[in-house]
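As a plain string of letters, each chain reads:
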Amino acid sequence: MVKAPGCFGYPISIFFIVVNEFCERFSYYGMRAVLVLYFRYFLSWDVDFSTSIYHTFVALCYLSPILGAIIADSWLGKFKTIIYLSIIYSIGQVMVAVSAIGDITDADRDGKPDNMTFHVTMSMIGLVLIALGTGGIKPCVSAFGGDQFEDHQTKQRSTFFSVFYLCINGGSLLSTLITPILRGQECGIYTKQMCYPLAFGVPAVLMVVSLVVFIAGSGMYVKAEPKGNIMMDVCYCIGFAIRNRFRHRKPSYPKREHWLDWANEKYDKLLIAQIKIVLKVLFLYIPLPMFWALFDQKASRWTFQATTMDGTFGTLVLQPDQMQTVNPILILTLVPVMDKIVYPLIKKCGFNFTPLKKMTVGLFLAAMAFVAAALVQIQIDKTLPDFPSSSESQLKVVNMASDRLQVNIQSQESFVLGSMQASDYMTLTTSDFTVSLSTSPLISLTFPLVKKQRHTLIIPANPRTSYLTLDLSAKPEKGENAVRFVNGMSGGVNVSYYGFNRQSPVSNYTMLRRGERTFNISNGVESCTFSKKFGFGAAYTFLIPSTFNWTDNVRIQVQYYGFMCGASITELEEIKPNSVHMALQIPQYFLITAGEVVFSVTGLEFSYSQAPSNMKAVVQAGWLLTVAVGNIIVLIVSEIAKLPDQWAEFLLFASLLVAVSVIFSIMSYFYTYIDPAEIEAQFKKTDEMEPEDKEKKEIELQRKNTKM
């Protein structure tokens, strides 16, 4: 092996590997942080389908490491595998970034892509390439870094792995903090939209930088030749044992202690014993995917939950996808707390807190996290409007006339509305309604209703010209605010806000983000301004009365816009802003992160300690496979359950994990801890059968088969 150039006792090559890992993890987690919102709000998929595609992508990311390990160990070697798959990875990131540029197909310049097929195809191909790339290099980079050290550099190698995993968490933390901010910016050539191209573009650039940095260190790396993949040997041995047992299934053949012993004719007893140990560990993995089914929903269901909450923390405003940063922050905090404080205290109390017991506690903590999420969702649901069902309509009446009116609507109690007053929404089951107004003479009007829709009956200065408008029948998405104006004056007015111009009498809804917004109201001769501070997810109708007098407004001169006229405008709040604070998600993040620390970190430690020396990669592949299967479980449960309420789905997942936790605790009770090194040493001392003897034994069995 060629000795790598060194610096301060460390190979120089590892600095390239560390920078490469930081940039790659920033690229992956940054893209993933905003991915589910991209599906929902750019591609306009519904919440369930967005969640399904997201978890399909994550599952593929954790299936592909097996492929990457086989390619690296059996064919290309780690260096070439990292290079080739990183190129694929970079192409995928660029494709996703390009797919988010709506202006590419926005021929009519209305702010919406005209050819959504192009964007969906580009993004899906890009995500497949990313999954192959990030998963394929996952088992190679850390191992390649370890190859740079010589046998006597055990301390330096240990430090390298600590820094390596610090880069993973650092990249994850920074990217989940930064990319949601980039997404929250407004950009675009023709119209200003959420800046998904920037949110995906920065991770794409970081991935290209990662590739360039890795290639730059090429001349300094120690590049070990591929020596064959132990996973393939394990698969071949298991396959041979199954086939051999099937060939000798007749009662005349003597039984063997274990079904794997049927591989004795071809494989070493030591290898067979090692595989037996691995299979015992992998058997314990069977219930574990359920943990990941819950854990990975923090970037899908929990992010969607955050979009219906208030993200104001004093002067700081968090984006819904930024709540994910709580996870890496808590990991960096809880890992040392658990290792240095909690575990020693438990040991002092005389409790034997074995790794499998820790993992069981981790499963229960994750279940409790989803109970907490369900409680938060119940609080959110209490604040949501009661929208009409498919067999209902809702109606609100607004009196913009100068006199008080008594309003009579069939099947409803009569009520009185003063000038510039509005009723609450009333629910109707008929396809139309007749309204009677206490004018002189009495006015009676009939209007059609649209099922599953909210309506507002506007009574202007001349009640005979009353008209019906369609209101929002769902809460505004993205935490934006829906705003419209109703003009009660006889002459037309323009209401403008950054190019938002609508003629009277009723404007369309315009979506505005949180913050103070100033509107300019003008009739072409006179103008004034109206300001309003908006929160998250509300809907408002602003009424300009028929008695509006430009000279009666508050005489506060405003540069460019004339005078303030807020006192003359009536505000109707159709949908209340988000009032449940995002801080209420912190307990569920704490519980899921505590569960991750106790379950995942301990699980990796347990797997490493129980796996034979040459089977660590096999156990690692099995662990990653549980993550992939967990994300597939999300797809299955979500599709089969189809629960109408999100809190009920959270409780369903929590219940499933509690059941799995009980099963795992029973399996753990019967598990016997072993020392793989001691078992391997015993086999090495035992005289093993020579290859010639094995061939003779196999020939004898074949002869017996022929006689039978």
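For the structure itself, look to the data block above.
Predicted model only: the values in this text are computed from it and were never measured.

Peer 1: Can you help me understand the pairing of strand β13 (residues 443-448) in this one?
Peer 2: Across a regular strand the side chains alternate sides, sitting on one face of the sheet and then on the other. Taken together, the 6 bridges between strand β12 (residues 432-437) and β13 define a ladder with antiparallel strand orientation. Paired with S436 across the two strands is S444, which belongs to β13.

Peer 1: Explain the sheet that holds strand β8 (residues 405-409) here, please?
Peer 2: Each strand in a sheet pairs with its neighbour through backbone hydrogen bonds, running either in the same direction (parallel) or in the opposite one (antiparallel). The sheet built from 4 strands is open, its strands ordered β9-β8-β12-β13 with antiparallel pairing. The open sheet has two edge strands with one neighbour each: β9 (415-417) and β13. Across this sheet, the average inter-strand angle for adjacent strands is 30°, counted without regard to direction.

Peer 1: Looking at this model, I keep getting lost on the packing of helix α5 (residues 154-184) against helix α11 (residues 326-348). Mind explaining?
Peer 2: Working note: a packed helix pair is described by the angle between its axes plus the distance between those axes. Contact geometry of α5 with α11 gives a least axis separation of 8 Å together with a crossing angle of 145°. Two packed elements cross with a definite hand, and for α5 against α11 that hand is left-handed. Every residue of α11 that contacts α5 at N169, S172, L173 and T176 is listed here: P328, I329, I331 and L332. Along the lines of polarity and charge, the residues of the contact of α5 with α11 split into 5 nonpolar, 3 polar and no charged.

Peer 1: What should I look at first to understand the nonpolar core in this one?
Peer 2: Counting residues in each nonpolar core, the largest one holds 131 residues, and the members touching the most others are L35, Y38, F39, F57, Y196 and F200. When residues of this core are assigned to their parent elements, the largest contribution, 14 residues, is made by helix α1 (residues 13-42). Y38 has contacts with L43, S99, A100, H119, S123, Y196 and F200, leaving out every residue within four places of it along the chain.

Peer 1: Sorry, what's going on with α11 here?
Peer 2: Residues that lie three or four places apart on an α-helix share one face, since the helix turns once every 3.6 residues. For α11, which comprises 23 residues, the first-to-last C-alpha distance of 31 Å matches the rise-based estimate of 33 Å (1.5 Å per residue) to within 8%. Of all the bends found along α11, the most pronounced is centred on M338 and spans about 50°. Listed in full, the buried residues belonging to α11 are V326, N327, P328, L330, I331, L334, M338 and Y343. The inward-facing, buried residues of α11 contact α5, α9 (289-295), α12 (355-383) and α13 (586-610). Note on α11: the residue one or two positions beyond its end, G350, has a positive phi of about 85°.

Peer 1: Sorry if this is basic, but what is going on with a nonpolar patch on the surface here?
Peer 2: Residues L60, L63, L67, V128, L132, L625, V629, I632, I636 and I640 make up a contiguous nonpolar surface patch of roughly 780 Å² in combined accessible area. Within the residue set of the nonpolar patch, elements represented by two or more residues are α2 (47-76), α4 (116-147) and α14 (616-641). Element by element, the count of residues in the nonpolar patch is highest for α14, at 5 residues. When you line up the elements, I636 lands in helix α14.

Peer 1: I'm lost on the sheet that holds strand β18 (residues 510-512) in this one. Help?
Peer 2: Spatial ordering of the open sheet is given by β18-β16-β21-β24, a layout of 4 strands whose pairing is mixed. Two strands bound the open sheet, and with one partner strand each, they are β18 and β24 (570-575). Recorded for the sheet is a direction-independent mean angle of 30° between the axes of neighbouring strands. As paired strands, strand β16 (residues 481-487) and β18 are joined by 3 bridges and run antiparallel to one another. What sits directly across from V483, in β18, is T510.

Rules of the game
- Residues numbered from 1 in each chain as written.
- Predicted model: local features only at pLDDT ≥ 70, side-chain atom pairs only at ≥ 80, totals over all residues.
- Heavy atoms only, no water.
- Pairing = 2+ DSSP bridges.
- Helix = DSSP H or I, 4+ residues; strand = E, 2+ residues; numbered from the N terminus.
- Axes fitted to C-alpha atoms, helices over the stretch in contact; angles between N-to-C directions.
- Left-handed = near helix turned anticlockwise from the far one by under 90°.
- Contact = heavy atoms within 4.5 Å.
- Nonpolar A, V, L, I, M, F, W, Y, C, P; charged D, E, K, R; others polar.
- Core = buried A, V, L, I, M, F, W, Y, C linked by side-chain atoms within 4.5 Å.
- Buried < 20%, exposed > 50% of the residue type's maximum accessible area, 1.4 Å probe, protein only.
- Expected span 1.5 Å × (residues − 1).
- Bend = angle between axes of the 7 residues up to and from the residue.
- Patch = residues over 30% accessible without salt bridge, like charges linked within 9 Å, V, L, I, M, F, W, Y side chains within 5 Å.
- Areas by Shrake-Rupley, 256 points an atom, 1.4 Å probe, with all protein chains shown as cover.
- Salt bridge = Lys/Arg side-chain N within 4 Å of Asp/Glu carboxyl O.

No statement about biological role is implied by the geometric values presented.
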